[in-house]
Amino acid sequence: MTGGPAMNLQELTAANAAANLNRLFRFEVVLAADGEAELQMPWSDDLTQYAGHLHAGAIAALLDTACGFAAATLIGPVTASHFSMNCLRPAVGRGFIAKGATVRAGRKQTFARAELFAEDGSGKRSLVATGETLLVALG
């Protein structure tokens, strides 16, 4: 594997706070270790599309960030070279949880995938989207 030193929860929390979009969308890093990461984001009417669901751009940002942070726990700072997502149902809830996992960290590319869950008022979670990212190390 290439890249810089692996990043821990504290470093990824600082990186998250330094990213303007992540601050605007109110992402919170709640877990980052051993090739996995978890982010939370509260519902915001400001991030909806015309029918009142979470906009696909916000969904993509959550999934992509969860993948990148998961990979960064193993290989340090990364950037996406390819990203894809599948929206499975309308994303509506009191908040969202994105769980990213590194599938394979190679010498030149790292592959990660993520799932996005919507959480309702009673704490029930529903899978609303999935994403996959090819990443390259920045170091």
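Above this text you will find the structure in question.
Keep in mind that what you see is a predicted model, and the values were worked out from it rather than measured.

Some thoughts on the environment of arginine 23
If you trace the backbone, arginine 23 turns up in helix H2 (residues 20-25). In this structure arginine 23 comes out as partly exposed when scored by relative accessible area, which is 45%. Polar contacts involving the side chain of arginine 23 include one to the side chain of asparagine 20, which spans 2.6 Å.

Brief notes about the packing of aromatic side chains
For the structure on display, the rule yields two aromatic pairs. Considering the side-chain rings of phenylalanine 25 and phenylalanine 27, the 6.0 Å spacing of their centres and the 65° angle between planes classify their relative orientation as edge-to-face. The interplanar angle of 35° and the centroid separation of 6.0 Å between the aromatic rings of tryptophan 43 and phenylalanine 96 together place this pair among those described as tilted. Of the two residues, tryptophan 43 is situated in the loop between strand E2 (36-42) and helix H3 (56-75) and phenylalanine 96 in strand E4 (residues 95-105); the sequence distance between them amounts to 53 residues.

Thresholds applied
Residues numbered from 1 in each chain as written. Predicted model: local features only at pLDDT ≥ 70, side-chain atom pairs only at ≥ 80, totals over all residues. Heavy atoms only, no water. Helix = DSSP H or I, 4+ residues; strand = E, 2+ residues; numbered from the N terminus. Buried < 20%, exposed > 50% of the residue type's maximum accessible area, 1.4 Å probe, protein only. Polar contact = N/O pair within 3.5 Å; in protein donor to acceptor, adjacent residues only side chain to side chain. Phe/Tyr/Trp six-rings, centres within 6.5 Å; stacked < 30°, edge-to-face > 60°.

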